[in-house]
Amino acid sequence: MKKCKMILKISSITKIGLILLLLMGFTAFAQNTHYNKSSFVSLAFNVASVQAQQVVSHAQTLQVAGKDAQKETKKQVQNDDARANYDKINDKFKDIGPGNNTVKFVVALVVFLLAFWAVGKMKGKVKWVAVIAVLLALGYISKITYTEARALGRQQGYAPVQPIWFSHKVHAGQNGINCEYCHADARTSRHAGVPSLNVCMNCHSQVKEGKVSGTKEIAKIYKHLGYNPTTMQYDKPGKPIEWVKVHNLPDHVYFNHAQHVQAGKVACQECHGPVEEMDRVVEYKELAMGDFCLKCHRERGIDQSNPYYKHYDFKDMKKGDKITVDKIGGADCSSCHY
Ligand code: HEC
Ligand code: HEC
Ligand code: HEC
Ligand code: HEC
Ligand code: HEC
């Protein structure tokens, strides 16, 4: 009798937990997502998390920015055989990010419930099998929770569809165009910047056709600029193109490209991955404070030939010692946070 009561008690707690989980799942599901890889498990924890506010507003910003472009491109994908390849071509990078854990999560949950029920009902050896199943399922659920919680507010794997099928693989890869030809500001300013369509015209006033998309995608450059390729005149009003931003650090973080590219001599690929192999840009690394920014700052030496450091007083350091970035303030909260 006593034992029965215990089980009832535990299961009512579980019931409440389950109802909460389901509610969170549904809220998240209803919210839907901007994020091509995220699952409703991830969003369920968004809702539960103390960060909910931040994450949701961040997601909304992205959603608003991305919606128009996504809507427009969706139509194009349907009408355009060339663009049907758009998703497929990016296959190489499809496993970046937390992935979609929804199915695994649901299966683990079902196993957990069945096993939990079996612990109460069964006797003897079967009961112990059920106990082990409960523990295993719980362990697995925790693992998924951890993965999803880590990804909170971060967007590793985010790869929005862009309004023009612009491919880094074609440009930076196959045609070997230097990153800084288009992202000229990376060396001198905080933002690497995205080139204006006039930069595209340096080549595309001549190159009117691509191997993958024929003339269709390049024609969009002309359209946005109000350019007529037959008469070679800018005779119509143009309309600026709205690229969808891929990388977005939270607003409370300060990041500066020049500091890394110019002073720090860090290659673009160390932070952005092999962009020259990507058709669609994907956020390749998890831009996390600890495992990304601080990890490098604690290991990486600064460029001591930089004349700026002549005036620096590195206490207790011999000439020639490696001076890591954290020694010059790269681990102080205020150097990265407003
Ligand atoms: C011919 C011009 C051109 C070249 C060369 C080029 N890019 Fe880009 N890049 C663009 C354009 C246009 C975008 C915006 C559209 C997009 O995201 O695909 C962009 C976007 C990006 C983004 C994503 C920005 C965001 O929204 O967060 C990264 C990162 C990037 N480029 C890195 C590189 C790197 C690294 C190289 C060299 C390997 C490179 N680019 C070479 C034109 C170029
Ligand atoms: C130390 C890491 C790091 C290096 C090196 C780096 N980037 Fe970035 N890049 C970032 C981060 C972080 C962001 C997001 C910034 C934000 O949201 O404020 C970003 C954003 C961008 C963007 C989006 C537009 C912008 O400026 O915010 C482009 C384009 C870009 N990077 C291109 C490049 C290119 C090209 C290089 C090499 C010349 C490069 N990056 C080197 C970390 C890096
Ligand atoms: C330095 C020269 C150069 C610049 C600058 C340049 N492109 Fe290109 N682009 C090329 C070449 C060359 C090709 C043809 C590649 C092929 O298909 O062989 C090409 C192809 C393309 C294609 C068709 C790809 C395909 O295979 O279907 C598109 C779309 C495109 N570029 C868009 C852009 C946009 C947008 C910009 C500006 C952000 C830009 N390009 C800037 C040289 C350039
Ligand atoms: C791959 C290595 C690497 C990564 C990743 C990296 N940094 Fe850095 N960072 C450097 C180097 C090298 C310097 C030193 C540059 C110099 O000599 O001034 C630096 C300097 C800085 C500084 C100036 C420190 C000071 O007080 O002078 C800030 C701020 C900074 N990084 C922010 C960030 C942020 C934010 C991120 C993550 C989004 C990040 N960094 C990721 C290598 C990195
Ligand atoms: C080298 C740069 C850097 C330094 C130094 C740094 N941060 Fe951060 N911090 C970041 C970045 C980038 C993010 C956002 C990315 C993420 O989610 O980790 C962040 C996020 C945070 C967040 C929000 C966490 C979240 O999950 O939203 C807090 C709080 C924070 N940092 C506190 C601190 C404190 C306190 C210090 C000093 C002990 C510090 N940071 C030093 C780069 C830095």
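Conventions used here
Residues numbered from 1 in each chain as written. Chains lettered and ligands numbered in written order. Predicted model: local features only at pLDDT ≥ 70, side-chain atom pairs only at ≥ 80, totals over all residues. Helix = DSSP H or I, 4+ residues; strand = E, 2+ residues; numbered from the N terminus. Buried ≥ 20, exposed ≤ 12 C-beta atoms within 10 Å, placed from the backbone. Contact = placed C-beta atoms within 7 Å. pLDDT = per-residue confidence, 0-100. Near = placed C-beta within 6 Å. Nonpolar A, V, L, I, M, F, W, Y, C, P; charged D, E, K, R; others polar.

Here we come to the overall build of the chain. Scanning the chain from terminus to terminus reveals 14 helices and two strands. Put simply, the chain has 338 residues, and 22% of those count as buried. Sequence-distant contacts, at least 24 apart, represent 68% of the contacts inside the chain between residues at least 6 apart.

Moving on, we get to the confidence of the model for the chain. Residues at a pLDDT of 70 or more form 75% of the chain, whose mean pLDDT is 81. Mean pLDDT across the elements of the chain ranges from a minimum in helix H2 (residues 40-48), with 48, to a maximum in helix H12 (residues 268-272), with 97. In the predicted structure, residues 30-40 sits below a pLDDT of 50 and forms 24 contacts with residues beyond four places in sequence or in another chain.

As a further point, take the environment of Met289. With respect to the secondary-structure elements, Met289 resides in helix H13 (residues 289-299). Each C-alpha atom of the pair Met289 and Cys336 lies 9.4 Å from the other, and the pair is 47 residues apart in sequence.

The subject of this paragraph is the site of ligand 4. Near ligand 4 you find 24 residues, and of these Ala263, Gly264, Cys293, Cys296 and Gly329 are the closest. Where the shell around ligand 4 is concerned, the elements lending two or more residues are helix H11 (257-263), H12, H13 and helix H14 (333-336). Here the shell around ligand 4 gets four residues from one element, more than from any other, and that element is H13. Split into classes, the residues belonging to the shell around ligand 4 amount to 13 nonpolar, eight polar and three charged.

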